[in-house]
Amino acid sequence: MKCLARLYLGYCSKLTSLPDKIGKLKYLKELKLHHCLALASLPNSIGELKSFHNLDFYYCLKLASFPDNIGKLNCLATLDLKFCSKLASVPDSFGQLKCLSRLDLGYCSELASLPDSFGELKCLSRLDLCYCLELASIPDSIGELKSLVELNLGYCSKLVSLPDSIGKLKCLEMLDLNYCSELASLPDSIGKLKSFVKLHLSSCSKLASLPDSIGKLKSLAELHLSSCLKLASLPDSIGELKCLPRLDLGYCLKLVSLPDNIGELKSLAKLNLYYCSELESLPDSIGKLKSLVELHLGYCYKLARLPESIGELKCLVMLNLHHCSELAWLPNSIGKLKSLVEFHLGYCYKLAWLPESIGELKCLVMLRLHHCSELAWLPHSIGKLKSLIELHLGYCYKLAWLPESIGELKCLVTLNLHHCSEFAWLPDSIGELKCLVMLDLNSCSKLASLPNSICKLKSLAELYLSSCSKLASLPNNTGELKCLRTLDLNCCSELANLPDSINKLKSLLELHLSSCSKLACLPNSIGELKCMLRLNLSYCSKLASLPNNIGELKCLVMLNLDSCSELVSLPNSIGELKSLVELHLSSCSKLTSLSNNIGKLKSLQKLDLSP
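Peer 1: So what's going on with unusual backbone geometry? Which residues, and what values?
Peer 2: Positive phi, normally seen in glycine, also occurs at Tyr 275, with a value near 60°. One non-glycine residue, Tyr 539, lies in positive phi territory at about 65°.

What follows is the structure, encoded as structure tokens:
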């Protein structure tokens, strides 16, 4: 085996050691020992393997040390020690690995220090030290790693500082310091990293400021500062980062303001200020961010206004303002956002009105206004949103009506008005929404009727009317809703009957009538709903019987008659429900017997007859 070039011993979980004679394999270039869970040490002869290129000790959990002559592996290019969790130190001789280009020490959780000789690894391009939980410092010699491109120190939770020499790493492109929770500052020398592209500082919870020299990082493309809980401000020099496309400041809970020159970030495409709960305003210069595509301001609880200059963001596609609970109005300039596709305003509790200019947002696809509890009306211009697909108005407690122009939203697919407790009527123009698939009117407790035009909604698949407690009837031509799959009428306590035309709802899969306390019977035509899967009649306290043709519902899977206290008997046709899996008859106090045909329900898995 003297010519052996590659030796793979991965997953040999009982291998405790290697023989001394391994040093005689002069041509060995690659040795893989990953997941050798019992391997605790290496023989001194390992240093005789002069042709070695690749050495893999990934997940050797018991490997605690290396022999000093490891430095003799002059050709070694890759050394993987990830998850060697017992490794507390590496020998000085590591510095002799002149060809080493990649060293992975990630998750070496007991590694407390690195030798000064590390600076001699002139070819090292990638050094991974993530999750080295005991590592408190980096040697000054790190600055001698002239070829280093990536340095990963993420989750080094005891790392207090970086040496000034870090500024000598002229080739460094990526520095990951995420979750270095003891890191309080960065050295000024960081501004010398001319090749720098990515700087990750998320969850550096003691980092209170950035050095002014950060503005010298002309190539910086990513700056992640989310969850830097003590960061109260950004240096003015931030505006010099002309190539920066993304700035993440989410969860910077002490950030009070942005510098005026934030508008100089000409390449900025995404600005995340999510959960900046102390942020009270945005500078006027925000309008200069001509490349901005996404602006996230959700949970900025103290943000009371937007500057007029917001309308200058011609490339903005998404504007997220949900949970901006102090935001009471929007500037008229909002209508200038010609590229805006998504506009999130949910939980803006003080927002009482929208400007007429909202109708100028010709590209808007999604408008979310749910939980805007002061919003009492929508402007007539809402009908100009020709691209709108989703309009969410749930929990707008003061909203009593929609403008007639709502019928002009020809692309609208989803209209959500649930829990609009003052909402009393739908305009006739609702029938013009030819693309509408879902209409949610749940808990619109003042809604007494639906316009006949609603039956023009040929694409409507879901109609939710649960807890519309004043709704006494459905339009006679309800059967025209040919695509309807779900009809939810639960808790419609005034509903006494269903229209005969319901038999035309050939696509209906679910009919929910629970707690319709005035419903005494179902139309005889109910058996024509051949696709029906679920029929819920629980708590229909006046329902005395089911029509004989109930057995025609060949696809029915669930029939719920719980607490139908007037139900005396089940029709014989019940046995024809060949697909029925669940039959609920609990608390049917007047039901004294079951049809003999119930034994024909071959698919039945659940029968509830509890009192």
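Peer 1: Describe the pattern of salt bridges, with residues and values.
Peer 2: Considering all chains together, one arrives at 30 salt bridges under this definition. Where Glu 294 meets Lys 270, a salt bridge forms, and the shortest distance between an N and an O atom there is 3.8 Å. Taken together, the residues span a long stretch of sequence, with Glu 294 in strand E13 (residues 294-296) and Lys 270 in strand E12 (residues 270-272) at a distance of 24 residues. Judged by its relative accessible area of 25%, Lys 270 is partly exposed. One salt-bridge network, held together by shared partners, links Arg 6, Glu 30, Lys 32 and Asp 56.

Peer 1: Which residues make up a negative patch on the surface, and what values go with them?
Peer 2: Where like charges cluster on the molecular surface, the negative patch consists of Asp 68, Asp 92, Asp 116, Asp 140, Asp 164, Asp 188, Asp 212, Asp 236, Asp 260 and Asp 284. Tracing the sequence through the fold places Asp 188 in the loop between strand E8 (174-176) and strand E9 (198-200).

Peer 1: Any chance you could break down the nonpolar core for me, citing the residues and the numbers?
Peer 2: Counting 195 residues, the largest nonpolar core has Phe 57 and Phe 343 as the members making the most contacts within it. Residues in contact with Phe 57, not counting those within four places in the same chain, are Leu 33, His 34, Leu 39, Leu 42, Leu 63, Phe 66, Leu 79, Asp 80, Leu 81, Lys 82 and Cys 84.

Peer 1: Please give an account of the side chain of Ser 203 that cites residues and values.
Peer 2: Here Ser 203 lies in the loop between E9 and strand E10 (222-224). Note on Ser 203: relative accessible area 13%, which makes it buried. When sequence neighbours within four positions are dropped, the list of residues in contact with Ser 203 reads Tyr 179, Cys 180, Ser 181, Ser 226, Ser 227 and Cys 228.

Peer 1: I'd love a proper account of a nonpolar patch on the surface, names of residues and values included.
Peer 2: A cluster of nonpolar side chains, contributed by Trp 329, Trp 353, Trp 377, Trp 401 and Trp 425, occupies part of the molecular surface with about 510 Å² of accessible area. Tracing the backbone through its elements, the reader meets Trp 353 in the loop between strand E15 (342-344) and strand E16 (366-368). Among the residues examined, Trp 353 registers a relative accessible area of 34% and is labelled partly exposed.

Peer 1: Tell me about the packing of aromatic side chains, residues and numbers included.
Peer 2: One pass over the full model with this rule turns up 19 aromatic pairs. Plain terms: the ring middles of Tyr 59 and Phe 83 are 5.2 Å apart, the flat faces sit at 40° to each other, and that makes the pair tilted. In this pair, Tyr 59 sits in the loop between strand E3 (54-56) and strand E4 (78-80) while Phe 83 sits in the loop between E4 and strand E5 (102-104), placing the two residues 24 residues apart along the sequence. Exposure remark for Tyr 59: the relative accessible area of 28% places this residue in the partly exposed category. Classification of Phe 83 as partly exposed rests on a relative accessible area of 22%. Ring centres of Tyr 274 and Tyr 299 lie 5.3 Å apart, and the angle between their planes is 75°; on these two criteria the pair is classed as edge-to-face. One end of the pair, Tyr 274, is in the loop between E12 and E13; the other, Tyr 299, is in the loop between E13 and strand E14 (318-320), with 25 residues separating them in the sequence.

Rules of the game
All residue numbers refer to positions counted from 1 along the written sequence of the respective chain. For a predicted model such as this one, the threshold for reporting local features is a pLDDT of at least 70, and the threshold for listing and counting side-chain atom pairs is 80 or more; totals across whole chains, interfaces and linings nevertheless cover every residue. Processing note: side-chain calculations cover all non-hydrogen atoms of the structure and skip hydrogens and water entirely. Each reported salt bridge corresponds to a side-chain nitrogen of Lys or Arg within 4 Å of a carboxyl oxygen of Asp or Glu. Secondary structure elements follow DSSP: runs of H or I of four or more residues count as helices, runs of E of two or more count as strands, with numbering from the N terminus. Accessible area is worked out with a 1.4 Å probe on protein chains only. A residue is then buried under 20% of its type maximum, exposed over 50%, and partly exposed in between. Exposure above 30% relative accessible area and the absence of a salt bridge qualify a residue for a patch, where like charges join within 9 Å and nonpolar side chains (Val, Leu, Ile, Met, Phe, Trp, Tyr) within 5 Å. Accessible areas in this description were obtained via Shrake-Rupley with a 1.4 Å probe; residue shielding takes into account the shown protein chains only. Positive charge is attributed to Lys and Arg, negative charge to Asp and Glu, and no charge count is given to His or to the chain ends. Lysine's charge is taken at NZ, arginine's at CZ, aspartate's at CG and glutamate's at CD. Residues belong to a common nonpolar core when they are buried Ala, Val, Leu, Ile, Met, Phe, Trp, Tyr or Cys residues joined through side-chain atoms within 4.5 Å. Any pair of residues with heavy atoms lying within 4.5 Å of one another is described as a contacting pair. Centre distance within 6.5 Å is the pairing criterion for rings of Phe, Tyr and Trp, where only the six-membered ring of Trp is used; planes under 30 degrees apart are then read as stacked, over 60 as edge-to-face, and the remainder as tilted.

Remember, this is a structural readout, not a statement about activity or role.
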